[in-house]
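Analysis of the macromolecular model
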Amino acid sequence: MRVLLAEDEGYLAELIADGLRDQAIATDVAHDGAEALRRFEAMDYDVLVLDRDLPEVHGDEVCRRVVESGRLTRILMLTASGTVRDRVEGLGLGADDYLPKPFSYEELVARVLALGRRARPALPPVLERAGVVLDIPRRRAHRDGRRLDLSRKEFAVLEALMRADGAVLGTDDLIEQIWEEHITYNSNAVRVTVSKLRAKLGPPAVIETVSGSGYRMGGS
């Protein structure tokens, strides 16, 4: 899942972004409406967490443009006002969900995850391939009954490869799905993460390197 967080309060934005990243969710941050629209044009996002009272371009206008784009991005609107009228107006603009401030962080994460599931085809919560079992809701991974202690990025790479069902994922594909935008496309972050993941999975190797193309997970 990839999330765009549009929030002008810097401290709150970093708290939310760090928490989402702790859930292995790639999260980009925009601090005003104009920046949010620029990022939205440059990248596909599953969920937009949108503060309604943004500077530069108001959150209402950002919401309208995202909806008019026809993309499948789901919108969770945040606002300091929690009246029924404001909620009705926000949903009337095309937002999929509405959360007044102050909010429970756990509730925000749950709503983002729920919207992310609506933005893409339904997939099983537990994936199995080549003796590897990935329990996504519980963030647990096992191979042949052995618990794997994976970092957030290692877990996310393994999930992406398992979801690909044997198809090849290039370095660019993995960066776009998993890493935040400040990771450059010539970074060796993917190579290092895959190397550590292979070591933790142990023999026999199940992640194959496809020369000039990327990586895939063998077995079935």
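Heads up: the structure comes first, above all this text.
A brief structural summary. From a predicted model like this one, the values you see are computed outputs, not experimental measurements.

Here's the deal with the sheet that holds strand 8 (residues 140–143)
Reading across the sheet, the four strands line up as 6-7-8-9 and stay open at both edges, with antiparallel pairing between neighbours. At either end of the open sheet lies a strand with only one pairing partner, and these are strand 6 (126–129) and strand 9 (146–148). On average, adjacent strands in this sheet sit at an angle of 20° to one another, irrespective of strand direction. Pairing between strand 7 (residues 132–135) and strand 8: four bridges, direction antiparallel. Each residue of the ladder has a partner; that of Leu134, found in strand 8, is Ala141. Running at roughly 110° to strand 7, helix 6 (residues 152–163) makes contact with strand 6, strand 7 and strand 8 of the sheet. Sheet contacts for helix 8 (residues 189–201): strand 7, strand 8 and strand 9; angle to strand 9, the most-contacted strand, approximately 160°.

Remarks on the packing of helix 6 against helix 7 (residues 171–178)
Relative orientation of the contacting elements helix 6 and helix 7 amounts to 120°, with a least axis distance of 10 Å. Between helix 6 and helix 7, the angle is such that the two are oblique. For the pair helix 6 and helix 7, the crossing hand works out as right-handed. Each of Lys153, Ala156, Val157 and Ala160 in helix 6 lies in contact with helix 7, whose residues at this interface are Leu174, Gln177 and Ile178. In terms of residue class, the contact of helix 6 with helix 7 is built from five nonpolar, one polar and one charged.

What counts and how
Residues numbered from 1 in each chain as written. Predicted model: local features only at pLDDT ≥ 70, side-chain atom pairs only at ≥ 80, totals over all residues. Heavy atoms only, no water. Pairing = 2+ DSSP bridges. Helix = DSSP H or I, 4+ residues; strand = E, 2+ residues; numbered from the N terminus. Axes fitted to C-alpha atoms, helices over the stretch in contact; angles between N-to-C directions. Contact = heavy atoms within 4.5 Å. Parallel < 35°, antiparallel > 145°, perpendicular 65-115°, else oblique. Left-handed = near helix turned anticlockwise from the far one by under 90°. Nonpolar A, V, L, I, M, F, W, Y, C, P; charged D, E, K, R; others polar.

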